[in-house]
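Next come the chains, spelled out residue by residue.
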Amino acid sequence: MRLDQNSRSSSTAAGRRRRVPAPPRAQIRSTEKQIHGVTLRDDYDWLRAANWKDVLREPDVLPADIRRYLEAENAYCKALMGPTRALQKELVKEMRGRIKEDDSSVPQPDGPFLYYSRYRKGAEHPLICRKPRSKADGSGRAGEQIMLDADALADGKDFFDLGDAEHSPDHRLLAWSADEAGSELHTIHVRDLETGGALPDLVKDTTGEIIWARDSRSFFYVALDDDHRPSRVKRHRLGEPAETDELLHDEADAGMFVDIDKTQSGRFLLITISDHETSETRILDLDRPEAQPMLVAARDPGRQYSIEHHGDVFAILTNADGAEDFKIVTAPVDAPDPANWRDLIAHKQGRLILDHICLKGRLIRLEREDGLPRIVIRDLSQGAESSIAFDEEAYGLGMDAGYEFETNTLRFIYASMARPAETYDYDLDTSARTLLKRQEVPSGHDPASYKVRRIFATASDGARVPISILHRADLVLDGSAPCLLYGYGSYGSAMSASFRTRPLSLVDRGFVYAIAHVRGGTDKGWRWYLDGKRENKRNTFTDFIAVAEALADTGFTGRGRIVAEGGSAGGMLMGAAANMAPELFAGIVAEVPFVDVLNTILDDTLPLTPPEWPEWGDPIRDAKAFETIRSYSPYDNVTAQTYPPILAMAGLTDPRVTYWEPAKWVARLRATMTGGGPVLLHTNMEAGHAGSAGRFDSLKETALAYAFAIHTVGEGWDAAKGD
């Protein structure tokens, strides 16, 4: 039955009676629209502020009625989570105890300096530092220069997120960017490293990326347009007003995003125009300050490519000519069009080439096969190859190319779900590995106390879905253990089975922590991605359900003992799983969940919608795509059934998954469900898609989610269930 303001329940803290407030009831203000002959009714469209673009910049302008509703939801969430308040504090303390408070990155050499970042003890934000290269073998901070104190810059601000921090090639200047609202609108600043003073240069409304010209007199950036789209590449000359910055590329296609990078050689600026299927690159010679971009290969639907540079050739990673899992070709720098592309690393089905870099005399690629990554080094003069790989059942591996091109050293980072991250320098001449840093866990961590497993679930169509698992070595696997099951499965993003300190708070309490490598990611190659997008999107959801069932069938957990977690597009997965198999889950944690899929992808005025059509389909022009999205969109498929407890988490200034998506979803769930719950909504009123930016502040949001999971499989929510 529905509980009103006077209802009471037993307290999990000490058996005391406590008041349980009624959940907020969102007003129904129905709107209707006709699409492909179908009438779509939306009772909660009013939660989308008409001035939402202004809210991204100034959260205080949110309309009062919407603010009242979101604050009422926050109050309700706080009240129901009240019995877990002590647990949340305990979780924050535990997770903070695993963070080395005065941690620092391994210095990267560049010319006369070593560049690195570090934290003061207790600081939320980093210091950006350097010291003379001559001090490389010394200990401590001798000769250190603090180039930027992000913690001081954040002082007194509700939100602060450092974007980029790039020193100029002559090492005299530092260009840095920051977002001060959570809306991903970054302002670029420039600092004189000799005097410590700020230059008058100020560039607003950028993505935050910065690439310097080689003469250190100008830099390049991507500007956001009025619709929050990264669409324009500009050159800023120091000392000149930003209003006069030179426009180098203005992308007219609203379905394409613009990004900038540079080759490892430092010779070329790369302007990449892409969506989720097609890419196009324009190059600009950074040795020529007045150079203009040159097209490499015009966009061809479905063809993707990315560029590295070595001497007089480009090394191009591409899926051209049916290379579904990508290959690497070469082309002359002075004639890089596709007619001159020649295979260097042939395509191999099932071996997905993820990335590539060129260091002097070598081509290095990161690839994944059978769900596991490896690094392969190729000698460009002799063609010989060697590789870096590990023997664990599940692990993560990444490259850190650093700043230099003429080097015999490659840096890589390795971790497993039980083993903290290790940073190595790899000698490309001798194959010797030098351990530079092992991630410290100050409160203590013994990898031998944990077990890492990799098993497979069989999907409804016979596909084998990988599952990465972490649990205590002494855990009895009899089906009684609770499980936190994490999933994503979109945009080709693979879920790395690397070390994460936060889930240890669950694992040490007897949880099994599992990652579902479902279709929609590239965990098993590009075909794994294609089989989980557009008309195949339902595979993502059924794979996740199959993983949950497999974990129960093999004794790692039991049905009704699984708390599912996912964020953004993974939050859409959470909403779909809750609709399709609610009885399987003890609870659902949906972080910034993309749950109002149909309405969002129908709205081409939203900044991210046109570039999303290759991922989901275009429901405006394609009736079949409309019906496909409509068939699984979590908001549109809420039904009169019993739902598990659900915690939805949102960010007010989120430009990616706007705050009203989870707000509307929660309102519809409460109005439609016939039992179960509770359904909670927590909106961070001072942050965006990534939540709180500080390294300790963000722990509070994780603690809320984990306390919800622990309470769900422990004391339960009987006293808080509404109708």
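Residues numbered from 1 in each chain as written. Predicted model: local features only at pLDDT ≥ 70, side-chain atom pairs only at ≥ 80, totals over all residues. Heavy atoms only, no water.

Trainee: Can you walk me through the overall build of the protein in this structure?
Mentor: Along the protein, the regular secondary structure elements total 13 helices and 42 strands. Its C-alpha atoms give the protein a radius of gyration of 26 Å, near enough to 27 Å, the size a compact globule of 723 residues would have. A total of 723 residues make up the protein; the buried ones form 57% of that total. Counted over contacts in the protein with a minimum sequence separation of 6, partners at least 24 positions apart contribute 56%. Accessible area for the protein stands at about 28,600 Å²; split by element, carbon and sulfur atoms hold 45% of it. (Helix = DSSP H or I, 4+ residues; strand = E, 2+ residues; numbered from the N terminus. Rg over C-alpha atoms; globule rule 2.2 N^0.38 Å. Buried < 20%, exposed > 50% of the residue type's maximum accessible area, 1.4 Å probe, protein only. Contact = heavy atoms within 4.5 Å. Areas by Shrake-Rupley, 256 points an atom, 1.4 Å probe, with all protein chains shown as cover.)

Trainee: It is not clear to me how helix 11 (residues 623–632) should be interpreted in this structure. Could you clarify?
Mentor: Each full turn of the α-helix corresponds to 3.6 residues, which orients residues three or four apart in the same direction. Residues of helix 11 that are buried include every one of Ala-625, Phe-626, Ile-629 and Tyr-632, and no others. Seen end-on, helix 11 carries its buried residues on one side only, within an arc spanning 150°. On its buried face, helix 11 sits against strand 3 (31–35), strand 4 (38–42), helix 7 (538–553), helix 8 (569–580), helix 9 (597–602) and helix 10 (609–616). For helix 11, the side-chain oxygen to backbone nitrogen distance between the N-cap and Lys-624 is 2.9 Å, and the N-cap itself is Asp-622. (Arc of directions from axis to C-beta. Polar contact = N/O pair within 3.5 Å; in protein donor to acceptor, adjacent residues only side chain to side chain.)

Trainee: Is there a simple way to explain empty space enclosed by the protein in this structure?
Mentor: Unoccupied space between atoms shows up once a probe the size of one water molecule is rolled over them. Overall, the coordinates contain 3 cavities of 30 Å³ or more when judged by the stated rule. Empty space within the second largest cavity amounts to approximately 40 Å³. For the second largest cavity, the full set of lining residues is Trp-52, Val-55, Leu-56, Leu-652, Asp-654, Thr-658, Tyr-659 and Trp-660. It is helix 1 (residues 52–57) that provides the largest number of residues to the lining of the second largest cavity, a total of 3 residues. Each residue belonging to the lining of the second largest cavity can be placed in one class, and the counts come to 6 nonpolar, 1 polar and 1 charged. (1 Å grid on protein atoms, 1.4 Å probe; cavity = no way out; pocket = protein on both sides within 12 Å on 5 of 7 lines; lining within 4 Å. Points joined across faces, edges and corners; volume = space filled by probe spheres on them. Nonpolar A, V, L, I, M, F, W, Y, C, P; charged D, E, K, R; others polar.)

Trainee: Teacher, can you tell me more about the packing of aromatic side chains here?
Mentor: Aromatic rings considered in pairs are described by the distance between their centres and by the relative angle of their planes. This model, assessed by the stated rule, comprises 22 aromatic pairs. Between Phe-268 and Phe-314, the ring centres sit 5.2 Å apart and the planes meet at 65°, which makes this aromatic pair edge-to-face. Taken together, the positions of Phe-268 in strand 18 (residues 268–274) and Phe-314 in strand 22 (residues 313–318) put the pair 46 residues apart, joining distant regions of the chain. Like Phe-314, Phe-268 is buried. Residues Phe-390 and Tyr-395 carry aromatic rings whose centres are separated by 5.8 Å and whose planes lie at 70° to one another, so their mutual orientation is edge-to-face. In this structure, Phe-390 and Tyr-395 share a single accessibility class: buried. (Phe/Tyr/Trp six-rings, centres within 6.5 Å; stacked < 30°, edge-to-face > 60°.)

Trainee: So what exactly am I meant to see when it comes to a negative patch on the surface here?
Mentor: Negative charge collects at one region of the surface, where Asp-54, Glu-58, Asp-60, Asp-158 and Glu-686 lie side by side. Structurally, Asp-60 can be placed in the loop between helix 1 and helix 2 (64–80). According to the relative accessible area criterion, Asp-60 is exposed, its value standing at 70%. (Patch = residues over 30% accessible without salt bridge, like charges linked within 9 Å, V, L, I, M, F, W, Y side chains within 5 Å. Salt bridge = Lys/Arg side-chain N within 4 Å of Asp/Glu carboxyl O. Lys, Arg positive; Asp, Glu negative; His and termini not counted. Charge placed at Lys NZ, Arg CZ, Asp CG, Glu CD.)

Trainee: Which parts of the structure should I look at to understand the environment of Lys-135?
Mentor: Along the chain, the position of Lys-135 falls in the loop between strand 7 (127–132) and strand 8 (145–149). For the pair Lys-135 and Glu-71, spaced 64 residues apart in sequence, the C-alpha separation works out to 53 Å.

Trainee: Would you take a moment to explain the side chain of Ser-168 for this structure?
Mentor: When you line up the elements, Ser-168 lands in the loop between strand 9 (161–167) and strand 10 (173–179). In terms of polar contacts, Ser-168 uses its side chain to reach the side chain of Asp-170, at 2.6 Å.

Trainee: So what exactly am I meant to see when it comes to the pattern of salt bridges here?
Mentor: Between side chains of opposite charge, pairing is possible as soon as their charged atoms come close. Summed over the entire model, instances satisfying the criterion amount to 57 salt bridges. Residue Arg-519 is joined to Asp-543 by a salt bridge in which the shortest nitrogen-to-oxygen separation is 2.8 Å. One end of the pair, Arg-519, is in the loop between strand 36 (512–516) and helix 6 (526–530); the other, Asp-543, is in helix 7, with 24 residues separating them in the sequence. Asp-543 matches Arg-519 in its accessibility class, with the two residues each being buried. In the salt-bridge network here, residues are joined through shared partners; they are Lys-348, Arg-351, Arg-365, Glu-367, Glu-369, Arg-374, Arg-378 and Glu-385.

Trainee: Hey, could you run me through the sheet that holds strand 32 (residues 433–438) in this one?
Mentor: Across a sheet, paired strands are connected by hydrogen bonds in the backbone, their directions being either parallel or antiparallel. Spatial strand order, 29-30-31-32: 4 strands in an open sheet with antiparallel pairing. For this open sheet the edge positions go to strand 29 (395–400) and strand 32, each flanked by a neighbour on one side alone. Taken over all neighbouring pairs, the strand axes of this sheet differ in orientation by 25° on average, direction set aside. As paired strands, strand 29 and strand 30 (residues 409–416) are joined by 6 bridges and run antiparallel to one another. From the neighbouring strand, Asp-400 faces strand 30, where its bridge partner is Arg-411. (Pairing = 2+ DSSP bridges. Axes fitted to C-alpha atoms, helices over the stretch in contact; angles between N-to-C directions.)

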